[in-house]
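Now for the letters of each chain:
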There are 2 protein chains.
Amino acid sequence: MTNPASGRKIQAARNDVTILAAAKEVFLADKRAPVSAVAERAGVGISALYRRYPGKEDLLRKLCHDGLRTFIGEAERATAEPDDWAAFETFLHGVVEADVHSLTVHLAGTFTPTDEMTADAVLAGELASALFERARPRMRAEAVPADLTMLLEMCAAVRVPDPGRTTSLRRRYLAMLLDGLRAGPALPGPAPTRIEVDWRWLRTPGSSSSE
Amino acid sequence: MTNPASGRKIQAARNDVTILAAAKEVFLADKRAPVSAVAERAGVGISALYRRYPGKEDLLRKLCHDGLRTFIGEAERATAEPDDWAAFETFLHGVVEADVHSLTVHLAGTFTPTDEMTADAVLAGELASALFERARPRMRAEAVPADLTMLLEMCAAVRVPDPGRTTSLRRRYLAMLLDGLRAGPALPGPAPTRIEVDWRWLRTPGSSSSE
DNA sequence: GCGGAGCGGAATACTCTGTTCCGTTCTCGC
DNA sequence: GCGAGAACGGAACAGAGTATTCCGCTCCGC
């Protein structure tokens, strides 16, 4: 069969993205999923995958790093927004929408990060904190930047079988969380610290057994 | 060595609870953790474990069912509270405090549930819904009982290496969520349905690959 | 002192999964 | 047309991981 619009190169390029998308889906659902599951999901053979990545860990790393870059992109995009609170909201919406937090957080620990990734993680943290500080005047007093990580984590925990509904529900609870972030009586207990929140990035693969 | 206060029977009884506690910790951190990890955590040999449970799945089932029963217990305890909102809050606090939701939700799908468990799950849902309805007058209009499940799910997603801090932080975010549950502008998108929220209970092990 | 409940942990028997390998297909330049 | 090789599918391989069994030992309880 001679598919008109697909030379081998073109097909291969398409596979590049297909595989990445499949990997995202599969590893998001189960970070320990086998490589074969990714290939199956993408509808390609295993060799198509191994042609692109030296090994499983490289794929994971790439996936996570892409997520991190998206996160940074969203942060930068939101920073342009003139209204402080709007910028903050735009940012969170963007991150939740792109389902980026799942990628970066849930996958952290499944591979050894490169120095570049660590640097990007730091940058991401700084950008997010800056956005937070701008919006802080409109938040309850006890809120701290580290809360941001937890908020995103909580949103990422919202999941139902249908991906579309998942996104919709996440919007719902993000809105609820933001309302909770704005006002209310004093919160109990001390706020999270930066260290508590960033611990995932400090783990090397296998250093601890966690799901 | 002749430990005064420990006959073989007593020691064995102690192991009963030690093993269960260890299993809870281990499987909460990683639902796919090996049985040997539980034994190690409990400081006993593997045989001590297999003497009590025919197999891994039985242990998981027991753990989950215990969690379910605790959930029901908390609901019943809270129901006695005369003030409607206080009852609702007491219930959620109790569930979060006992870290029961992680048990029931995260473990669901790792074993085939017994009929009794299914029945208990239904009962749990009814009790929780009743508590919710009582408190509804003080919530924002769009809130539905199914939100409860998601709220608990989100709290369970809060986790840091230190267990004590985890509990403390969960209290923090539960408070924030409750504030968000009470007031604010309209929430986006349709509310979750009961089916969307209960899907975990419908899965048999291996029916789907999810973390 | 003895029988046996409890136990520790090595050994077993798989299953699961990362990676390699080889034959095949299809494109492109000639 | 045709040959070279890029890209691929998927079987085969190797090794790791792990549920479960088994055996010999300990020490309580009588």
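Reading guide: rules and limits
Residues numbered from 1 in each chain as written. Chains lettered and ligands numbered in written order. Predicted model: local features only at pLDDT ≥ 70, side-chain atom pairs only at ≥ 80, totals over all residues. Helix = DSSP H or I, 4+ residues; strand = E, 2+ residues; numbered from the N terminus. Buried ≥ 20, exposed ≤ 12 C-beta atoms within 10 Å, placed from the backbone. Axes fitted to C-alpha atoms, helices over the stretch in contact; angles between N-to-C directions. Parallel < 35°, antiparallel > 145°, perpendicular 65-115°, else oblique. Left-handed = near helix turned anticlockwise from the far one by under 90°. Contact = placed C-beta atoms within 7 Å. Nonpolar A, V, L, I, M, F, W, Y, C, P; charged D, E, K, R; others polar. UniProt positions renumbered as here; feature names shortened; annotations may be inferred. Near = placed C-beta within 6 Å. Core = buried A, V, L, I, M, F, W, Y, C linked by C-beta atoms within 7 Å. Least-squares fit on C-alpha atoms with pLDDT ≥ 70 in both. Domains from an automatic or database assignment. pLDDT = per-residue confidence, 0-100.

Describing the overall build of chain A
Tallying secondary structure elements over chain A gives 10 helices and zero strands in all. In chain A, the order of α-helices and β-strands from amino to carboxyl end is α-α-α-α-α-α-α-α-α-α. Along the longest, intermediate and shortest principal axes, the C-alpha atoms of chain A span 65 × 40 × 30 Å. Relative to its 211 residues, chain A shows a buried fraction of 36%.

Here's the deal with the packing of helix α4 (residues 56-79) of chain B against helix α5 (residues 84-97) of chain B
Residue and element names in this part refer to chain B. As a packed pair, α4 and α5 sit with axes 8 Å apart at the nearest point and diverge in direction by 155°. Taken together, the axes of α4 and α5 are roughly antiparallel relative to one another. As for how α4 packs across α5, the hand of that crossing is right-handed. Contact residues: α4 offers F71, E74, A75, R77, A78 and T79, while α5 offers A87, T90, F91, G94 and V95. Here the contact of α4 with α5 is built from residues that sort into six nonpolar, three polar and two charged.

Considerations on the UniProt feature "domain: HTH tetR-type" (unreviewed entry) in chain A
Within this numbering scheme, the UniProt entry marks residues 13-71 of chain A as carrying the feature "domain: HTH tetR-type" (unreviewed entry). Along residues 13-71 of chain A, the helical share is 81% and the strand share 0%, with 24 Å between the first and last C-alpha atoms.

With respect to the interface of chain A and chain B
How big an interface is tends to be stated in terms of the accessible area lost upon association of its parts. Counting residues at the interface gives 36 residues for chain A and 36 residues for chain B. Secondary-structure elements contributing two or more residues to the side of chain A that touches chain B are α8 (145-157), α9 (163-182) and α10 (194-202) of chain A. Per element, the largest residue contribution to the side of chain A that touches chain B is 12 residues, and it comes from α9 of chain A. Tallied by class, residues from the side of chain A that touches chain B come to 20 nonpolar, six polar and 10 charged.

A word on the protein's contact with DNA strand D
Of all residues adjacent to DNA strand D, which total 23 residues, the nearest are G45 and S47 of chain A together with G7, P34 and G55 of chain B. Taken together, the elements giving at least two residues each to the surface near DNA strand D come down to α1 (8-29) and α3 (46-52) of chain A together with α1 (8-29), α2 (35-42) and α3 (46-52) of chain B. Element by element, the count of residues in the surface near DNA strand D is highest for α1 of chain A, at five residues. Of the residues assigned to the surface near DNA strand D, the class counts are eight nonpolar, nine polar and six charged.

Topic: unusual backbone geometry
Residue and element names in this part refer to chain A. Here D99, not a glycine, exhibits a phi torsion of approximately 50°, which is positive. For D99, the location among the structural elements is in the loop between α5 (84-97) and α6 (100-107). D99 sits in the buried class, given 20 other C-beta atoms within 10 Å.

Notes on the nonpolar core
Formed by 112 residues in total, the largest nonpolar core has its most connected members in M154 and L177 of chain A together with M154 and L177 of chain B. Not counting chain neighbours up to four residues away, the residues in contact with L177 of chain A comprise L151 and M154 of chain A together with M176, L177 and G180 of chain B.

Observations regarding the relation of the copies chain A and chain B
The two chain copies are connected by a rotation around an axis plus a translation along it. The two copies are related by a screw motion: chain A maps onto chain B through a turn of 180° and a shift of 0.0 Å along the axis, at an RMSD of 0.0 Å. Seen this way, the second copy is the image of the first under a two-fold rotation axis. In terms of proximity to the rotation axis, the leading residue of chain A is G180 of chain A, whose C-alpha is 2.0 Å off the axis. By residue overlap, the copies meet face to face through one surface: 100% of the interface positions of chain A are interface positions in chain B.

Notes on the UniProt feature "DNA-binding region" (unreviewed entry) in chain A
In this numbering, the UniProt entry assigns the feature "DNA-binding region" (unreviewed entry) to residues 34-53 of chain A. Between the end C-alpha atoms of residues 34-53 of chain A the distance is 15 Å, and the span holds 75% helix and 0% strand.

Some details on the environment of R140 of chain A
Residues and elements named next belong to chain A. In this structure, R140 sits in the loop between α7 (115-135) and α8. When the 16 C-beta atoms within 10 Å are taken as the criterion, R140 is described as partly exposed. As a C-alpha pair, R140 and Y50 span 90 residues in sequence and 50 Å in three-dimensional space. When near neighbours in sequence (up to four residues on either side) are disregarded, R140 contacts L181, R182, A183 and G184.

Describing the domain arrangement of chain A
All names here are of chain A. What the domain assignment lists for chain A is domain 1 (1-52) and domain 2 (60-202). Here the C-alpha centre of domain 2 lies 29 Å away from the C-alpha centre of domain 1. Counting from both sides, the interface comprises five residues of domain 1 and, opposite them, seven residues of domain 2.

Points about the confidence of the model for chain A
Low-pLDDT portions of the prediction should not be read for the details of their coordinates. Chain-level pLDDT for chain A is 88 on average; 91% of the residues reach the 70-or-more range. Confidence over residues 205-211 of chain A falls short of pLDDT 50; this stretch has 16 contacts with residues more than four positions distant or in other chains.

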